[in-house]
Amino acid sequence: MYDLELKDVELHFGGLVVLNRVSLGVRSGELLALIGPNGAGKTSIFNCISGLYRPSGQIHFLGTSLIGKKPSAIAEMGIGRTFQHAELIPRMNARENLFVARHNHLKATLAEQWFRLPSARREEAEHLAVVNDVLEMLSLTHLAHLPVGGLPFGIQKIIGFGRALVAEPKVLLMDEPSAGLTQEEREELAYHIDAAKKQLGIPMLWIEHDMEMVAAIADRIHVLDYGRSIGDGPPDEVLDNPEVVRAYLGTTQLTQAGADVTAPREEGVTPV
Amino acid sequence: MSNIETGIGKMTPATTRRKRLSQNQVAWIGLIVLLVLLPTSATPFHLDIASQIFIAGIGALALMVLTGIAGQISLGHSGLMAAGAFTTGILYKEAGAGIWITLPASVVAGAVIGLIFGLPSLRLRGIYLAMSTLALHFLVIYLGGEYEFASGASTGIFLDPPVVFGFEIYDGYAWYYVLLALVAGTYWGCRNLLNSKTGRAWEALHANETAAEALGVQVANYKLLAFVITSGIASFSGALFAYYQNFVSVEAFTLFLSIQYIAMIIIGGMGSLPGALLGAVFVTLVPYFVEWLMEAVPYIGLDITTVSSASYAAFGLLMILFLVFEPSGLTGIWKRLVGQFASPSKREDTP
């Protein structure tokens, strides 16, 4: 039984079919990689789950339908996500950015906040401790006081990942968390994703172009092409599937070629 | 910053904060002592300017929260102040109500108007939102004018000095301390709010509404909340203005007043509460400075029209200069100065 399940999800933008009867599911403690060429509809699936798009079909989380719910309500149910471009609040520092994600855990009333009553102060301190723990875990503590707008993109992406964790999600959607990261940062990220999976035991859905990372830590892969599902199964099986190879691996080789060009420049050595 | 020494686990955040606060506290206590002692060597003219600054400061704090923090542009600030002033004036004139009725009623009236005129913000952004708040301004001014006409008070409504616990707030010293306490209280409350869930939600929706919503912030509710709270405060400052002037008239609440408040938050530094206060000081002083300058320069005929048109021109020039050369306003200048004198390790960027 899947914790998070999509059934026959269809999404159209005008005459364009973005998602064509997509069905997939994730169990708790499972890391499902969502792969496919650019424009295959991967991010659209995330936007459907988090309520930013209104698809037809069914999306259920633990038996509750998510269709038609407001994004904030879906987030409040515990569906956390990261964004392709991090989407942090540039003026705030990393600590405050993470703190924003505690929004629905904080219960202080407006009056308690305005007068900063002891109850509100205590609550802030408790939740600040959670934020600091996550910063510490992601080795971000030394950067936590800097406005994030000035930090490198790779660091912003990791802060975005931390922000999703701070919310204590019951489902985690990660949209290309490794894009824009150096090889070293990718390895660290892979470690954190794996650790989060083991510690939290929640369903995790992961859009990724780095096939090495996917092969290394994903439990299962779901492949999309032109808004259609064309494969689903364990990494070794899916990556050998001829249809997947035909639709996707051409692009993968391109991506890897791109990585080969950039990696030596940054590292001076060929990537592992 | 010093959280690296996490050996003491959960104790660290609290101790860090205490240390940082005590550093800030010194500066704040110094400022408060200075402000409390200031009247001892001030003329009534100085006290009047200070009181004007305090009233403007309350209004500027409200607009800073709405525009600088929550990102909602408003040209209705003058209209909201008029709403507060008229609520107070009408309640006093028609029912002889004291401040314990007029002030809360003004806050509520402002909050209700803010809620109604916040609704377009759910659909409109930027300049379009500004235009819709402009409607608020003209509506309130129209209603105020109608009241003045209907009640035969075509020159305005006169108010007696307010009485608090048997004390009549009349002379410059009393006003100075009352308004100082109120602007300090408003600042404190706004700052508390910004360091809480609500303030972070506002910052989040200002930066990116979609991302904020996906983080669980009910964007529509928090936008309206920003309008309600800041309109209540703006209306409150309008009521204080009415009491301070002993007089309410639509003439005082021009569109130029709204623009002056926008000038305050731009010149002070967008997104900074101390910036709102710095902006209030600066903008309140500009006309006096212009007048002084024109007196000093020979061959300029000094009458009210030339002074006020010179003030208008000065405002335009100042706003352009700040927007082009110092978008982070006086706060930005201040931070750079402090940054140059403070040792690098002591620099901390928490608002």
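Residues numbered from 1 in each chain as written. Chains lettered and ligands numbered in written order. Predicted model: local features only at pLDDT ≥ 70, side-chain atom pairs only at ≥ 80, totals over all residues. Heavy atoms only, no water.

1. Quick word on the overall build of chain A
For chain A, the helix and strand inventory stands at 10 helices and 10 strands. Radius of gyration (C-alpha) of chain A: 19 Å, near the 19 Å computed for a compact globule of 272 residues. Counting only C-alpha atoms, chain A reaches 65 × 50 × 35 Å along its principal axes. The burial tally for chain A puts 54% of its 272 residues in the buried class. Long-range pairs, those at least 24 residues apart, make up 66% of the contacts in chain A with a sequence separation of at least 6. Per element, the accessible surface of chain A, about 11700 Å² overall, is 55% carbon and sulfur. Of the charged side chains in chain A, 25 are positive and 35 negative, and the gap between their average positions amounts to 8 Å. (Helix = DSSP H or I, 4+ residues; strand = E, 2+ residues; numbered from the N terminus. Rg over C-alpha atoms; globule rule 2.2 N^0.38 Å. Buried < 20%, exposed > 50% of the residue type's maximum accessible area, 1.4 Å probe, protein only. Contact = heavy atoms within 4.5 Å. Areas by Shrake-Rupley, 256 points an atom, 1.4 Å probe, with all protein chains shown as cover. Lys, Arg positive; Asp, Glu negative; His and termini not counted. Charge placed at Lys NZ, Arg CZ, Asp CG, Glu CD.)

2. Observations regarding the confidence of the model for chain B
Residue and element names in this part refer to chain B. Summarising the model, chain B shows a mean pLDDT of 87, and 90% of its residues fall at 70 or more. When the criterion is pLDDT under 50, residues 1-17 qualifies, and its contacts beyond four places in sequence or with other chains add up to 22 contacts. Confidence drops under pLDDT 50 across residues 345-351; counting only partners more than four residues distant or on other chains, this segment forms 13 contacts. Predicted as a complex, the structure gets a pTM of 0.88 and an ipTM equal to 0.87. (pLDDT = per-residue confidence, 0-100.)

3. Overview of the pattern of salt bridges
Using the criterion set out here, one finds 14 salt bridges over all chains in the structure. Two residues, Glu124(A) and Arg200(B), come together in a salt bridge whose shortest N-O distance is 2.9 Å. You can see Glu124(A) sitting in helix H5 (residues 118-137) and its partner Arg200(B) sitting in helix H7 (residues 197-207), one on each of two chains. (Salt bridge = Lys/Arg side-chain N within 4 Å of Asp/Glu carboxyl O.)

4. Examining the interface of chain B and chain A
Much of the literature gives interface size as the accessible area that the parts lose upon coming together. Taken together, the contacts link 44 residues of chain B with 37 residues of chain A. Interface area for chain B against chain A, summed over the two sides, is near 3600 Å², with a carbon-plus-sulfur share of 60%. The three residues of chain B that bury the most area against chain A are Lys197(B), Arg200(B) and Leu215(B), which together make up 20% of that side's buried surface. Taken together, the connections running from chain B to chain A amount to two salt bridges. Counting across the chain B and chain A interface gives 10 residue pairs in polar contact (both at pLDDT 80 or more). Element by element, the count of residues in the side of chain B that touches chain A is highest for H7(B), at eight residues. Residues that form the side of chain B that touches chain A fall into these classes: 20 nonpolar, 17 polar and seven charged. (Buried area = accessible area lost by both parts, 1.4 Å probe. Polar contact = N/O pair within 3.5 Å; in protein donor to acceptor, adjacent residues only side chain to side chain. Nonpolar A, V, L, I, M, F, W, Y, C, P; charged D, E, K, R; others polar.)

5. Side note on the sheet that holds strand S5 (residues 64-65) of chain A
Residue and element names in this part refer to chain A. Taking strand neighbours across the sheet as the criterion, the four strands line up as S2-S1-S4-S5 in an open arrangement whose pairing is antiparallel. Taken across any chain shown, the strands that pair with only one partner, and hence form the sheet edges, are strand S2 (16-26) and S5. Examined bridge by bridge, strand S1 (residues 4-13) and strand S4 (residues 56-61) share five bridges and lie antiparallel to one another. Its bridge partner lying in S4, Glu10 is registered against Ser56. (Pairing = 2+ DSSP bridges.)

6. Regarding the packing of helix H6 (residues 172-194) of chain B against helix H11 (residues 273-296) of chain B
All names here are of chain B. Between H6 and H11, the least distance of the axes is 10 Å, while the angle of their chain directions is 150°. Comparing their axes, H11 and H6 come out roughly antiparallel. Packed against H6, whose contacting residues are Val183, Tyr187, Cys190, Arg191 and Leu194, the element H11 presents Leu273, Pro274 and Leu277 at the interface. Tallied by class, residues from the contact of H6 with H11 come to seven nonpolar, no polar and one charged. (Axes fitted to C-alpha atoms, helices over the stretch in contact; angles between N-to-C directions. Parallel < 35°, antiparallel > 145°, perpendicular 65-115°, else oblique.)

7. Let's talk about the nonpolar core
The biggest cluster of nonpolar side chains holds 144 residues, and the ones touching the most others in it are Ile159(A), Ile193(A), Trp206(A) and Trp202(B). Looking at this core, the element that brings in the most residues is helix H2 (residues 44-69) of chain B, giving 14 residues. Not counting the four nearest positions on each side in its chain, Ile159(A) is found in contact with Leu88(A), Ala94(A), Asn97(A), Leu98(A), Leu140(A), Val148(A) and Leu151(A). Ranked by size, the runner-up nonpolar core spans 27 residues in total, among them Ala40(A), Leu66(A), Ile79(A) and Val171(A). (Core = buried A, V, L, I, M, F, W, Y, C linked by side-chain atoms within 4.5 Å.)

8. A look at the sheet that holds strand S10 (residues 228-233) of chain A
Hydrogen bonding along the main chain pairs the strands of a sheet, whether they run parallel or antiparallel. Residue and element names in this part refer to chain A. Reading across the sheet, the six strands line up as S6-S7-S8-S3-S9-S10 and stay open at both edges, with mixed pairing between neighbours. Each of the sheet's edge strands pairs with one partner strand only, and the pair in question is strand S6 (79-81) and S10. Shown here is a sheet whose adjacent strand axes are inclined to one another by a mean of 20°, direction ignored. As paired strands, strand S9 (residues 220-225) and S10 are joined by five bridges and run antiparallel to one another. When the sheet's bridge partners are listed, His222 is paired in S10 with Asp232.

9. Quick look at helix H12 (residues 304-325) of chain B
All names here are of chain B. The end-to-end C-alpha distance of H12 is 31 Å, a good match for the 32 Å that 22 residues give at a rise of 1.5 Å each. For H12, the complete set of buried residues consists of Val307, Ser311, Ala314, Phe315, Leu318, Met319 and Phe322. Each buried residue of H12 lies within a common arc of 130° when the element is viewed along its axis, so the set occupies one face. Of the exposed residues in H12, those oriented more than 90 degrees away from the buried face are Thr305, Ala313, Leu317, Ile320 and Val324. The elements touched by buried residues of H12 are helix H10 (255-268), H11 and helix H13 (329-341). (Expected span 1.5 Å × (residues − 1). Arc of directions from axis to C-beta.)

10. Some points on the packing of aromatic side chains
All names here are of chain B. Applying the stated criterion across every chain, the model contains 14 aromatic pairs over all chains. Here the aromatic rings of Phe45 and Tyr288 are separated by 5.7 Å at their centres, their planes lie at 75°, and the arrangement is edge-to-face. Of this pair, Phe45 sits in helix H2 while Tyr288 is found in helix H11, placing the two residues 243 residues apart along the sequence. On the basis of relative accessibility, which here comes to 25%, the residue Tyr288 falls in the partly exposed class. Between the aromatic rings of Phe256 and Tyr312, the centroid separation amounts to 4.0 Å while the plane-to-plane angle is 25°, which identifies the pairing as stacked. (Phe/Tyr/Trp six-rings, centres within 6.5 Å; stacked < 30°, edge-to-face > 60°.)

11. Section: unusual backbone geometry
Residues and elements named next belong to chain A. One non-glycine residue, Leu62, lies in positive phi territory at about 50°. A residue is classified by how much of its surface remains accessible, and Leu62, at 54% relative accessible area, is exposed. One non-glycine residue, Glu168, lies in the positive phi region at around 50°. Positionally, Glu168 belongs in the loop between helix H6 (153-166) and strand S7 (171-175).

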